[in-house]
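The chain contents come next:
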Amino acid sequence: VQLVESGGGLVQPGGSLRLSCTASGFTFSTYVMSWYRQAPGKERELVAGVPSVGGSTEYADSVKGRFTMSRDNAKNTVYLQMNSLKPEDTAVYYCNTFRVRMGIKRDYWGQGTQVTVSA
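Residues numbered from 1 in each chain as written. Predicted model: local features only at pLDDT ≥ 70, side-chain atom pairs only at ≥ 80, totals over all residues. Heavy atoms only, no water.

Caption draft 1: Just the sheet that holds strand S8 (residues 77-82), in detail. Ordered in space as S1-S3-S8-S7, the 4 strands form an open sheet in which the pairing is antiparallel. With partners counted over all chains shown, the strands left at the sheet margins are strand S1 (2-6) and strand S7 (67-72), one partner each. Averaged over all neighbouring strand pairs, the angle between strand axes comes to 15 degrees, with direction disregarded. Strand direction decides the pairing type here: strand S3 (residues 17-24) and S8, joined by 6 bridges, are antiparallel. Paired with Cys21 across the two strands is Val78, which belongs to S8. (Pairing = 2+ DSSP bridges. Helix = DSSP H or I, 4+ residues; strand = E, 2+ residues; numbered from the N terminus. Axes fitted to C-alpha atoms, helices over the stretch in contact; angles between N-to-C directions.)

Okay, structure coming up:
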């Protein structure tokens, strides 16, 4: 399993960024995909998650109405469109998937991409 994020950078408050995560090494369309973030001195937190089929995308309360997560199964890629960015959105953003085998959950992470929101 390999997850590669891109699209981070420095943006002013109120600005937008789109993150991408391209996956390989597994049957992408059958896996739940998620975005997490970790700010300095804080625990990693779930930002958004999209199911493999059906269902609806879930968002953290702090990003609802501003962030949109989507997936393109033909490209093995998930996106996180981030609008109306705030300084508190500054963090390293990680792409995630997981599998459960014999009752044991294993998480897979990308290397992360830095998002900095600052004037």
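Let us keep going from here.
Caption draft 2: Inspection of the state of the cysteines at higher detail. Throughout the structure, instances matching the rule amount to 1 disulfide. Between Cys21 and Cys95 runs a disulfide, and the two sulfur atoms are separated by 2.1 Å. Taking the torsion about the S-S bond as the criterion, the Cys21 to Cys95 disulfide, at about -80 degrees, is left-handed. One end of the pair, Cys21, is in strand S3; the other, Cys95, is in strand S9 (residues 91-101), with 74 residues separating them in the sequence. Grouping residues by exposure puts Cys21 and Cys95 together as buried. (Disulfide = S-S within 2.5 Å. Buried < 20%, exposed > 50% of the residue type's maximum accessible area, 1.4 Å probe, protein only.)

Caption draft 3: Structural view of the pairing of S3. Pairing analysis gives 5 bridges linking S1 to S3, with the strands arranged antiparallel. Of the residues in S3, the one forming a bridge with Gln2 is Ser24.

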